[in-house]
Amino acid sequence: MSLNILIVEDEAITALDIKRKLEYWGHNVLDIAHSGSDAIKIALKMKPDLILMDIIIKGELDGIETANEIKKRCDIPVIYLTAHSEEKIMERAKYTEPYGYLIKPIDDKELFFALESAIYKYKADSKLKKVNRALRMISDCNQSIVRIKDKNELLNEICRLIVKEGGYYLAWVGMVQEDQFKSIIPVAQYGFDYGFLKSAKISWGNNKYSGGPAGKSIKTSKVSITRNLVEDPNFEPWKEQAIKRKYNSAIALPLFVEEKVVGCLSIYSSEIEAYDENEIDLLQELAGDISYYLESLKTKKEKDIALKKLKNSEEKLKDIINHAPFGAHSYEINENGDLIFVNANLSANEILNIDHKVLFGNTVKKAFPGIADTHLPNIYHKIALNGGKHNETSVNYQNEQINGIFEINAVNTGKNKMTVFFRDVNESKKAEMALKESEIRYRTIFENSEEGIYQSTVEGRYIQVNPALASILGFKSPKSVINKVTDINTLYVNPEDRKKLKKYLKKEDVVKDYHVEIFLKNGQKAWFSVTEKAILDENGKILYFEGIARDITHKKKIEDNLKLNEEKYRTMVETSNEGIWSLDEDFKTTFVNHKLAQMLGYEVSDIMGKSILDFMFEEDLNEQEKRIELRKKGISQHYTCKFLCQNGDTLWTLVSATPLKDKNGEFKGSFAMFTSLNEIKTIIDEIKIN
């Protein structure tokens, strides 16, 4: 591979000799700089692939200072040339992270292999940096998804992280519009825009403004990549503006809500042929996380609406009970074991013609002395304590305030609670009419509920079905469900689920949130959450089942996709061609992938929990302790290091190590990637021998 090389050497003869050798091997020497200041200007302007830097040069800056200044502004690999090997000079030089050293006079073979090794190492470092940068970006974006509740704030923050952490030029989120032009409207952005999105027409329809990555992504529901924007004829409408802003490649990833494309995430890079497979996988993962967030917003909105409707329904139900054609008295057992009168509906006031509030807090006998000497207080107490029910059609109540003959029904309404419903039988016809009105109100709730409600026989036939359940199952009406579904068991994808549900209902009063997969009328499958109750007769025999069913298919898919993404991420780490090693604050192993274990000749379990120092040569421990101190100070490093394999061999590696910090910035360990240099080391050693 031909390289563009800058030579920084103040000895003209040496510089020309190096130039002749490089050009003989097919490389291009961009220029020869004789001072540090000239080298900086040339490097920033011409961006060479590699710099050969003499450490001792004339001028205000020596080679090390010059390399450091260049490194601050652009990432260019440097190989030092030196006639000295003084320890102080080498100590200074290593902090600029050079890609090699050559001792003058320079041997041809050493120069040749130094170039090859530097470029190989530079590519490996660049790849590692890119992966680390992408992983940090994904991690920060996911933290933002968890932390930020406002949609617009979150999308803008994600765009910012993509540019700042990911190193891209521009990131923006566009949402689909159902207008005549079929527009894609940017709703969030960050980066080198300079009015590009404000002036750009972008569409997902059938027109010339839909040929860019965003339009293609939304139309096809797939990732769209343009690796050279300037050369792509479909990008013509935006070509001129892209050239001005140095956009050279772009990727657009569709965003979904319930399997429907609602927008896309677009990312522009200054590099031609950007986006390798790892990048695409990570960006797809990010787009999936954004889609999950957008879908959860929709689900939350639907849940809020449902809760509001439920609250309204409860208020309506309370209103119904308050104005029902029967009285209701509620009781609770207090800490002393007494049955206390605690509440009454409005109808009770009207039926008995008294204000019940003045009676609240009294025992049942004191509140209603007309029944104090009867069997009823003991019955009420037992019902509140143990459950059950009691009814009487004719209770004669006579005292100064209340006179009449009443039908009563006493039922348990919770732990240590019970309610007595009563009506004046002298007003039975009036009550019957009111009851019909009440039934109509209850039927209205049943008919208008958005959740599926049903009653079914023990044998498996529907008795009643509300319109919502009929619609969920794909039928036109409740009547068609009752007529056509003659056996509920046939709706279950797994018939065992129905058997298990019936078995649970024999043991429990109510089975809540039971997940089952159901066949719809069209043959498709859907996941339901079922809450069902067995209605029993006085002898405990099941009369019928009563239940509520909700369609949770989309929620189930979201959960399954999340699991799939987690497995995909782990597979990517485990199958990496690079060794990966994660250490805690004591530099003991918390994770290694199989590649690293293979490089050292161990099983993963052999390395877990052990210190990295356990795998190093004794003569290198002092140097490693220095690296550990740098990591604790938050300093990342790239260096070569050798490790002791299980079989006694030496593993030479290129290491890129990064400190790990918690959300408070406290040091929590180190993460490093390892590239084997054994093959290169072997080649160099063979050349030296020859």
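Computed from a predicted model, the values in this text were never measured in an experiment.

J.: Honestly, the sheet that holds strand S3 (residues 50–54) in this entry has me stumped. Any pointers?
T.: Consider a sheet: its strands pair through backbone hydrogen bonds, and that pairing is either parallel or antiparallel. Reading across from one edge, S2-S1-S3-S4-S5 is the order of the five strands in this open sheet, with parallel pairing throughout. Since the sheet does not close on itself, it has two edges, and those belong to strand S2 (28–33) and strand S5 (101–103), each with one partner. Neighbouring strand axes in the sheet, compared pairwise and without regard to direction, differ in orientation by 20° on average. Alignment of S3 against strand S4 (residues 78–82), held across four bridges, turns out to be parallel. Looking at S4, one finds that Leu52 is bridged to Ile79. Sitting on the sheet, helix H3 (residues 63–73) touches S3 and S4, and the angle it makes with S3 is about 155°.

J.: Help me understand the packing of aromatic side chains, please; the structure alone is not making it clear to me.
T.: The final tally for this structure, using the stated rule, is 25 aromatic pairs. Geometrically, the ring pair formed by Tyr602 and Phe615 is edge-to-face, given 5.3 Å between the ring centres and 90° between the ring planes. Of this pair, Tyr602 sits in the loop between helix H19 (594–600) and helix H20 (604–607) while Phe615 sits in the loop between H20 and helix H21 (621–632), and the two are 13 residues apart along the sequence. Tyr602 sits in the partly exposed class, given a relative accessible area of 21%.

J.: Explanation requested: helix H17 (residues 495–507) in the structure shown.
T.: Note: α-helices contain 3.6 residues per turn, so residues at a spacing of three or four share the same orientation. Asp497, Arg498, Leu501 and Leu505 are the residues of H17 that are buried. Down the axis of H17, the buried side of the element spans an arc of 100°, and every buried residue falls inside it. H17 presents Lys499, Lys503, Lys506 and Lys507 as exposed residues on the side facing more than 90 degrees away from its buried surface.

J.: Any chance you could explain empty space enclosed by the protein here in plain terms?
T.: Empty pockets left among the atoms are what a rolling probe the size of a water molecule brings to light. On inspection of all chains with the given rule, the structure shows six cavities of 30 Å³ or more. Its volume calculated, the largest cavity comes out at about 190 Å³. Around the largest cavity, the lining comprises 14 residues; the ones closest to its centre are His329, Ile371, Tyr397, Ile408 and Phe422. At the level of secondary structure, the elements contributing two or more residues to the lining of the largest cavity comprise strand S11 (327–333), helix H13 (376–386), strand S13 (389–398), strand S14 (403–414) and strand S15 (417–424). In terms of residue class, the lining of the largest cavity is made up of 13 nonpolar, one polar and no charged.

J.: I'm lost on the sheet that holds strand S9 (residues 249–257) in this one. Help?
T.: Pairing is antiparallel in the open sheet, where five strands are placed in the order S7-S6-S10-S9-S8. Two strands in the sheet have a free side with no partner beyond their single neighbour: strand S7 (184–191) and strand S8 (224–226). This sheet shows a mean twist of 15° between the axes of neighbouring strands, independent of strand direction. Alignment of strand S6 (residues 170–176) against S7, held across seven bridges, turns out to be antiparallel. By the bridge assignment, Met175 is partnered in S7 with Ile185.

J.: In this structure, what is going on with the pattern of salt bridges? I would like to understand it.
T.: Between side chains of opposite charge, a pair can form as their charged atoms come close. What the rule picks out here adds up to 21 salt bridges. Residues Arg92 and Asp62 are paired through a salt bridge, measuring 3.0 Å at the closest nitrogen-oxygen approach. With Arg92 in helix H4 (residues 87–94) and Asp62 in the loop between S3 and H3, this pair connects stretches of sequence that are 30 residues apart. You can call Arg92 partly exposed: its relative accessible area is 38%. Overall, the relative accessible area of 17% leaves Asp62 in the buried class. Its salt-bridge partner being Glu240, residue Lys244 comes within 3.9 Å of it at the nearest N-O pair. Linking Lys244 with Glu240, this pair stays in helix H9 (residues 236–244), spanning four residues, or about one helical turn. The exposure class of Lys244 is exposed, given its relative accessible area of 55%. Salt bridges linked by common partners bring Asp17, Arg20, Lys21 and Asp108 together as one network.

Quick notes on the rules
Residues numbered from 1 in each chain as written. Predicted model: local features only at pLDDT ≥ 70, side-chain atom pairs only at ≥ 80, totals over all residues. Heavy atoms only, no water. Pairing = 2+ DSSP bridges. Helix = DSSP H or I, 4+ residues; strand = E, 2+ residues; numbered from the N terminus. Axes fitted to C-alpha atoms, helices over the stretch in contact; angles between N-to-C directions. Contact = heavy atoms within 4.5 Å. Phe/Tyr/Trp six-rings, centres within 6.5 Å; stacked < 30°, edge-to-face > 60°. Buried < 20%, exposed > 50% of the residue type's maximum accessible area, 1.4 Å probe, protein only. Arc of directions from axis to C-beta. 1 Å grid on protein atoms, 1.4 Å probe; cavity = no way out; pocket = protein on both sides within 12 Å on 5 of 7 lines; lining within 4 Å. Points joined across faces, edges and corners; volume = space filled by probe spheres on them. Nonpolar A, V, L, I, M, F, W, Y, C, P; charged D, E, K, R; others polar. Salt bridge = Lys/Arg side-chain N within 4 Å of Asp/Glu carboxyl O.

Read these as layout, nothing more, since geometry by itself doesn't imply function.
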